[in-house]
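Fold and geometry: a report
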Amino acid sequence: MKPRRSWSRVFRDAWSGIRETVMHERNMKIHAAAGIAVLIAALLLRLPARDMALLLLTIAMVLTTEVINTAIEAAVDLAAPEWHELAKKAKDASAGAVLIAAAFAVFIGLLVFWRPVMTLLGL
Ligand SMILES: Nc1ncnc2c1ncn2[C@@H]1O[C@H](COP(=O)(O)OP(=O)(O)OP(=O)(O)O)[C@@H](O)[C@H]1O
């Protein structure tokens, strides 16, 4: 039987998974940078707590799908290093999940920021 990992080991391994994804995946870098920029803008515009919560949830959704996409890509590369129809299906679907999350994040961002930005611009 496998020895049980300590809680600190569990968190360290999970953190390592996040760090590796940020360090090596270009899309994750872009999404993380965009998320930080959105949060800074939201703080500067003093958006209400409910809007901040919506933005945090949206950012978490995009980053989470990106980490899962990286995990699926690695598992597929391990299982099928050569071209395979099912490997393509798995990787395309996984990338599709990130695309859905990112597209909805843009819509939510527009809905949340539209009025405060217009007010700021005096329009
Ligand atoms: N083993 C394979 N068999 C069939 N098609 C594959 C295979 N590996 C990759 N592909 C195709 O190439 C595409 C890109 O896969 P790849 O592993 O290069 O992702 P990536 O460029 O690292 O993606 P991302 O930019 O999301 O990190 C996949 O969506 C899939 O269509």
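Residues numbered from 1 in each chain as written. Predicted model: local features only at pLDDT ≥ 70, side-chain atom pairs only at ≥ 80, totals over all residues. Heavy atoms only, no water.

The name given to the protein chain in an unreviewed UniProt entry is Diacylglycerol kinase family protein, with Paenibacillus brevis as the source organism.

Notes on the packing of helix α2 (residues 26-44) against helix α3 (residues 49-79)
Two elements in contact, α2 and α3, have axes separated by 10 Å at closest approach and are oriented at 175°. Taken together, α2 and α3 sit at an angle that is classed as roughly antiparallel. In this structure, α2 contributes N27, M28, H31, A32, G35, V38, L39, A42 and L43 to the contact, and α3 contributes M52, L55, L56, I59, V62, L63, E66 and V67. Here the contact of α2 with α3 is composed, by residue class, of 13 nonpolar, three polar and one charged. (Axes fitted to C-alpha atoms, helices over the stretch in contact; angles between N-to-C directions. Helix = DSSP H or I, 4+ residues; strand = E, 2+ residues; numbered from the N terminus. Parallel < 35°, antiparallel > 145°, perpendicular 65-115°, else oblique. Contact = heavy atoms within 4.5 Å. Nonpolar A, V, L, I, M, F, W, Y, C, P; charged D, E, K, R; others polar.)

Here we look at the packing of aromatic side chains
Summed over the entire model, instances satisfying the criterion amount to two aromatic pairs. Measuring from ring centre to ring centre gives 6.4 Å for W7 and F11, while their planes differ by 35°; the resulting arrangement is tilted. Of this pair, W7 and F11 both sit in helix α1 (residues 7-24), four residues apart, roughly one helical turn. Taking relative accessible area as the criterion, W7 reaches 68% and is therefore assigned exposed. With a centroid separation of 6.2 Å and 85° between ring planes, the pair formed by F104 and F107 is classed as edge-to-face. Separated by three residues within a single helix, F104 and F107 lie in helix α4 (residues 85-120), roughly one turn from each other. A relative accessible area of 48% means that F104 is categorised as partly exposed. (Phe/Tyr/Trp six-rings, centres within 6.5 Å; stacked < 30°, edge-to-face > 60°. Buried < 20%, exposed > 50% of the residue type's maximum accessible area, 1.4 Å probe, protein only.)

What to know about α3
Its 31 residues place the ends of α3 44 Å apart at the C-alpha level, agreeing with the 45 Å of an ideal helix rising 1.5 Å per residue. Restricting attention to buried positions, one finds in α3 the residues M52, L55, T58, I59, V62, T65, E66, N69, T70 and V76. (Expected span 1.5 Å × (residues − 1).)

What about the site of the ligand?
As a structural note, the neighbourhood of the ligand is formed by E25, N27, N69, E73, A80, E82, W83, H84, A87, K88, K91 and D92. Within the backbone of E82, a nitrogen or oxygen atom sits 3.1 Å from a nitrogen atom of the ligand. At a separation of 3.4 Å, a nitrogen atom of the ligand approaches a polar side-chain atom of W83. Contact with the protein chains covers 61% of the free accessible surface of the ligand, which is 620 Å². Taken together, the elements giving at least two residues each to the shell around the ligand come down to α3 and α4. Examining the composition of the shell around the ligand, we find that four residues originate from one element, α4, more than from any other. Taken together, the residues that form the shell around the ligand break down as three nonpolar, three polar and six charged. (Near = heavy atom within 4 Å. Polar contact = N/O pair within 3.5 Å; in protein donor to acceptor, adjacent residues only side chain to side chain. Areas by Shrake-Rupley, 256 points an atom, 1.4 Å probe, with all protein chains shown as cover.)

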